[in-house]
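Secondary and tertiary structure notes
Each chain, written out:
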Amino acid sequence: MLKLWREKERYRGKIEDCLTAIITTRGCSWRKCYMCGYWSESRDLGEDALKEQMDRIFEKLGDARILKIFTSGSFLDEKEISAELRTHFLDRCREAGIKKLIIESRPEFIESERLGDFRGFELEVGIGLETANDFIRENCINKGFSFSDFVRAAEVLKRRGFRVKCYLLLKPPFLSEREAIEDLIESAGKVRRYADVISLNLMNIQKGTIVEKLWDRGLYRPPWLWSALLVLKNISGETICDPVAGGKIRGPHNCGKCDREIVSAIRLFSLTQDKSLLEIDCECKKVWLEALKLEDYSRVPLFR
Ligand code: SF4
Ligand SMILES: [Zn+2]
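These lines cover the structure that appears in this document, whether it is placed above or below. (Residues numbered from 1 in each chain as written. Chains lettered and ligands numbered in written order. Predicted model: local features only at pLDDT ≥ 70, side-chain atom pairs only at ≥ 80, totals over all residues. Heavy atoms only, no water.)

**Observations regarding the sheet that holds strand β3 (residues 66-70)**
Reading across the sheet, the eight strands line up as β1-β2-β3-β4-β5-β6-β7-β8 and stay open at both edges, with mixed pairing between neighbours. Of all the strands in the sheet, just β1 (3-11) and β8 (239-241) have a single pairing partner and so form its edges. With strand direction ignored, the average angle separating the axes of adjacent strands in the sheet is 25°. Bridge analysis of strand β7 (residues 197-202) against β8 gives three bridges, and the strand direction is parallel. Looking at the pairing, I198 lines up with T239 of β8. Strands β6 (163-170), β7 and β8 of the sheet are contacted by helix α8 (residues 225-234), whose axis makes an angle of about 170° with β7. (Pairing = 2+ DSSP bridges. Helix = DSSP H or I, 4+ residues; strand = E, 2+ residues; numbered from the N terminus. Axes fitted to C-alpha atoms, helices over the stretch in contact; angles between N-to-C directions. Contact = heavy atoms within 4.5 Å.)

Now the structure itself:
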């Protein structure tokens, strides 16, 4: 029901303890993105159970004063978390001396009046834009909002003095590896003026999704870790990446020999922003370079 773990987070250039909580809510109101299986974890447990989950977070806070709270949907969607519960949660955060709060929301729920309660916190809101290209977002992801919706939401946050985290996705289905890399680098350039931090999401195959169906039929491969390194080297400004399922067949992967080293390097880079960590080599880089050339023509993955 409630998932909790400790991790490190960058805070004003320093590395600090952070508690991450995923609470079970009725889930995302959209539920139509081709790669998303979060709906399978959502349950409508009612207001009391939700409040209980929130209260348990504070029992486990320890020394952490940075809190990430995710819902597998949108924290600001009042169908998921009512205004009353939001107020209760923020009161508890104030009592506990939380200094930074990180939440996620689709742009349609980011409205100035819902943000008033967050006054006094350093708030960072993650928005899953995935790409700055409206055609790709609509046809390859089915995200259901436009780049201009993202810009509006980002401006609302900025006017309140809050931080914007923009999630970009490598690689949406139906794109070749090379097209996905290009789209990501281009998107990062376009969102940089609105986003304080870019979070690079590397596709992993979630159960019960359209992307899983494509993958099952050999029509999709998650991105190579080489592509992730290339993208990270070419994005300027604060950029983070957590390669979920990195090195696994359902996640971003290379040959199996170099995956672990690259995943660790990406995680460390996310904390330190030191690009020299991304200089790694392995023989399978040649295969990846072939994939970049050939998959533009084959339109299906040629290498596992
Ligand atoms: S908006 Fe987010 S949570 Fe909702 S379906 Fe899309 S990826 Fe999943
Ligand atoms: Zn390798």
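**Description of the environment of R56**
With respect to the helices and strands, the residue R56 is situated in helix α1 (residues 47-59). R56 sits in the partly exposed class, given a relative accessible area of 35%. It is 8.5 Å that separates the C-alpha atoms of R56 and L2, two residues lying 54 residues apart in sequence. (Buried < 20%, exposed > 50% of the residue type's maximum accessible area, 1.4 Å probe, protein only.)

**Re the layout of surface pockets**
If you add up the space inside the second largest pocket, you get close to 160 Å³. Around the second largest pocket sit 13 residues that line it, and L175, L219, R299, V300 and P301 are the ones nearest its centre. In the lining of the second largest pocket, the residues fall into seven nonpolar, one polar and five charged. (1 Å grid on protein atoms, 1.4 Å probe; cavity = no way out; pocket = protein on both sides within 12 Å on 5 of 7 lines; lining within 4 Å. Points joined across faces, edges and corners; volume = space filled by probe spheres on them. Nonpolar A, V, L, I, M, F, W, Y, C, P; charged D, E, K, R; others polar.)

**A look at helix α5 (residues 147-159)**
A rise of 1.5 Å per residue sets the reference length of α5, with its 13 residues, at 18 Å; its end C-alpha atoms lie 18 Å apart and thus fit the reference within 8%. Within α5, burial applies to F147, F150, V151, A153, A154, V156 and L157. Residues of α5 that are buried sit in contact with α3 (112-115), β5 (122-130), α4 (134-141), β6 and α6 (177-191). Where α5 ends, the next residue or the one after it, G161, has phi of about 85°, a positive value. (Expected span 1.5 Å × (residues − 1).)

**Description of the pattern of salt bridges**
Using the criterion set out here, one finds 31 salt bridges in the structure. For E78, the salt bridge is made with R114, and the minimal N-O distance between the two is 3.7 Å. Residue E78 is found in the loop between β3 and α2 (83-96), and its partner R114 is found in helix α3; the two are separated by 36 residues along the sequence. A salt bridge links K171 to E177; its shortest N-O distance comes to 2.8 Å. The pair K171 / E177 is uniform in exposure class, with both members buried. (Salt bridge = Lys/Arg side-chain N within 4 Å of Asp/Glu carboxyl O.)

**Some thoughts on the pairing of β3**
Counting buried positions along β3 yields five of five residues, so the element is predominantly enclosed. The two faces of β3 match: I66, K68 and F70 on one face and L67 and I69 on the other face are all buried. The pairing of strand β2 (residues 14-22) with β3 spans four bridges and is parallel. Bridge pairing links I22 to F70 in β3. Bridge analysis of β3 against strand β4 (residues 100-104) gives three bridges, and the strand direction is parallel. Bridged to I66 within β4 is K100. Considered for its hand, the β-α-β crossover made up of β3, α2 and β4 is right-handed. (Right-handed = clockwise from strand over helix to strand, strands pointing away.)

**Here's the deal with the site of ligand 1**
Taken together, the neighbourhood of ligand 1 is formed by C28, R31, K32, C33, C36, Y38, S72, R106 and K143. Among the residues making up the shell around ligand 1, the classes are represented as four nonpolar, one polar and four charged. (Near = heavy atom within 4 Å.)

**Considering the packing of aromatic side chains**
Both the distance between ring centres and the angle between the ring planes are used here to describe each pair of aromatic rings. This model, assessed by the stated rule, comprises five aromatic pairs. Here F150 and Y194 contribute two aromatic rings whose centre-to-centre distance is 6.2 Å and whose plane-to-plane angle is 85°, an arrangement assigned as edge-to-face. In this pair, F150 is assigned in helix α5 and Y194 in the loop between α6 and β7, connecting sequence segments 44 residues apart. Like F150, the residue Y194 is buried in the burial classification. Members of the aromatic cluster, joined through ring pairs, are F58, F75 and F89. Taking the ring centre of Y220 as reference, the NZ or CZ of K171 above it sits at 5.4 Å. Over the aromatic face of W226 sits the side chain of K285, whose NZ or CZ is 5.0 Å from the ring centroid. (Phe/Tyr/Trp six-rings, centres within 6.5 Å; stacked < 30°, edge-to-face > 60°. Lys NZ or Arg CZ within 6 Å of the ring centre and 35° of its normal.)

**What to know about the coordination of the zinc ion (ligand 2)**
Coordination of the zinc ion (ligand 2) by the protein comes from C255 (SG), C258 (SG), C282 (SG) and C284 (SG), over a distance range of 2.3 to 2.4 Å. Here the zinc ion (ligand 2) binds four donor atoms, and the angle range of 103 to 113° at the metal identifies the geometry as tetrahedral. If you list the donors of the zinc ion (ligand 2) from N- to C-terminus, the spacing comes out as C-x2-C-x23-C-x1-C. With C258 in the loop between β8 and α9 (259-272) and C284 in the loop between α9 and α10 (285-298), this pair connects stretches of sequence that are 26 residues apart. (Donors = N, O, S within 2.8 Å, 3.2 Å for Na, K, Ca; no water. Tetrahedral: all angles 85-135°; square planar, octahedral: opposite > 155°, others 65-115°.)

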